[in-house]
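This is what each chain is made of:
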Amino acid sequence: KNEVEQSPQNLTAQEGEFITINCSYSVGISALHWLQQHPGGGIVSLFMLSSGKKKHGRLIATINIQEKHSSLHITASHPRDSAVYICAVSEVVGSARQLTFGSGTQLTVLP
Amino acid sequence: GAGVSQSPSNKVTEKGKDVELRCDPISGHTALYWYRQSLGQGLEFLIYFQGNSAPDKSGLPSDRFSAERTGGSVSTLTIQRTQQEDSAVYLCASSLSSRAAYPLNEQFFGPGTRLTVL
């Protein structure tokens, strides 16, 4: 079973700060996902990547397959970015592509 | 287009009662997944459907949990004889396919059903 570890577990930042959330996993994967969960529970898929780097607005996700590590960066953070950010990896288990989730990073951005 | 929808959004039940949770996936998505997020815990996989294949039930925590998917679309997760430890947010996700590579296997999540067992 793939273990997914995120750090930090909790992060408080001031508006405008550059934020980095890290994710490490233990075995081979087919893809890594970054998810955002706002209070109330809804989950939004931010990125799905298997190599390199992706950018969407102020969000950037990178992955290093050799090091089994991914980072999610938020530039010019804003209070509306406050949420739980979850890293998840897709493994091929038989014919299924299930997700194994990290425990999440609670981000609070203060005005 | 419409995303994944789930109903009810909240369900409060008494210990020992049966509950049914519903998921409507995105139209055309052949893969459907159920996950659970217990209070203070991470997300865990429960069950997965791909087209007409037999479902992967490897994540179901006990035989009180079952799920079906009718006509390859709507899915119902049933919990029989609910226990307090079943209290959680139950999330459904769907993808175009589970066996294809990105982006066809990207999962889209519903808003979840918050189940509280008293």
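Remember, it's a predicted structure, so these values are computed and weren't measured experimentally. Within each chain, residue numbers correspond to sequence positions counted from 1 in written order. The order in which chains are written sets their letters, starting at A; the order in which ligands are written sets their numbers, starting at 1. Local features are withheld for residues below a pLDDT of 70 in this predicted model, meaning they are given only at 70 or higher, and side-chain atom pairs are given and counted only at 80 or more; totals for whole chains, interfaces and linings count all residues. Processing note: side-chain calculations cover all non-hydrogen atoms of the structure and skip hydrogens and water entirely.

(A) Seen up close, the overall build of chain A. Counting its secondary structure elements, chain A contains zero helices and 11 strands. Strands are runs of DSSP state E lasting at least 2 residues, helices are runs of H or I lasting at least 4, and numbering of each runs from the N terminus. Starting at the N terminus and ending at the C terminus, chain A contains elements arranged as β-β-β-β-β-β-β-β-β-β-β. Taking 111 residues into account, the globule formula puts the C-alpha radius of gyration at 13 Å, and chain A, at 14 Å, falls close to it. Expressed along its principal axes, the backbone C-alpha trace of chain A runs to roughly 45 × 30 × 20 Å. When a residue's accessible area, from a 1.4 Å probe over protein chains only, is under 20% of the maximum for its type it is buried; when over 50% it is exposed; and in between it is partly exposed. Going through the 111 residues of chain A one by one, you find that 48% of them count as buried. Should any heavy atoms of two residues lie within 4.5 Å, those residues are considered in contact. Sequence separation of at least 24 residues holds for 55% of the intrachain contacts in chain A that already meet a minimum separation of 6. The accessible surface values rely on the Shrake-Rupley method and a 1.4 Å probe; as for residues, cover is taken only from the protein chains in view. Counting every atom, chain A has about 5100 Å² of accessible surface; 50% of that belongs to carbon and sulfur. For chain A, the distance from the average site of its 8 positive side-chain charges to the average site of its 7 negative ones is 10 Å. Both definitions apply: the radius of gyration is a C-alpha atom measure, and the globule rule equals 2.2 Å times residues to the power 0.38. A positive count includes Lys and Arg, and a negative count includes Asp and Glu. His and the chain ends are not counted in either. Charge positions are represented by NZ for Lys, CZ for Arg, CG for Asp and CD for Glu.

(B) Structural detail: the side chain of A:Q37. By the secondary structure assignment, A:Q37 is in strand β4 (residues 31-37). You can call A:Q37 buried: its relative accessible area is 7%. Discounting chain neighbours no more than four positions away, the residues touching A:Q37 are A:G42, A:I43, A:A83, A:V84, A:I86 and B:Q37.

(C) Representation of the pairing of strand β7 (residues 75-79) of chain B. Residues and elements named next belong to chain B. Judged by how many residues are buried, β7 sits mostly within the fold: five of five residues are covered. Alternating positions in β7 separate into two faces, S75, L77 and I79 on one and T76 and T78 on the other, with burial throughout. Relative to β7, strand β3 (residues 19-24) runs antiparallel, the two being bridged by five bridges. Note on β7: the bridge partner recorded for V19 is I79. Strand direction decides the pairing type here: strand β6 (residues 65-69) and β7, joined by five bridges, are antiparallel. Here, strands pair whenever DSSP counts at least two bridges between them.

(D) Representation of the state of the cysteines within the structure. Throughout, disulfides are identified as pairs of cysteine sulfur atoms within 2.5 Å of each other. According to the stated counting rule, one finds two disulfides over all chains in the structure shown. One disulfide in the model links A:C23 with A:C87; its S-S distance is 1.9 Å. Disulfide A:C23-A:C87: the torsion about the S-S bond is -65 degrees, which places it as left-handed. Of the two residues, A:C23 sits in strand β3 (residues 19-25) while A:C87 sits in strand β9 (residues 83-93), which places them 64 residues apart along the sequence. Across the pair, A:C87 and A:C23 agree in class, each one buried. Two residues share a disulfide in this structure: B:C23 and B:C92, whose sulfurs sit 1.8 Å from each other. Its S-S torsion of about -65 degrees marks the bond between B:C23 and B:C92 as left-handed, since a negative value means left-handed.

(E) Region of the structure containing the sheet that holds strand β6 (residues 52-56) of chain A. Residue and element names in this part refer to chain A. Pairing is antiparallel in the open sheet, where five strands are placed in the order β1-β3-β8-β7-β6. Across the chains shown, the open sheet's two edge strands, defined by having one partner strand only, are β1 (4-7) and β6. Put simply, the sheet's adjacent strands are angled 15 degrees from each other on average, direction ignored. Examined bridge by bridge, β1 and β3 share four bridges and lie antiparallel to one another. Among the inter-strand pairings, E5 is bridged to a residue of β3, identified as S24. Axes, fitted as lines to C-alpha atoms, cover a helix only where it is in contact. Angles between the N-to-C directions of the axes lie from 0 to 180 degrees.

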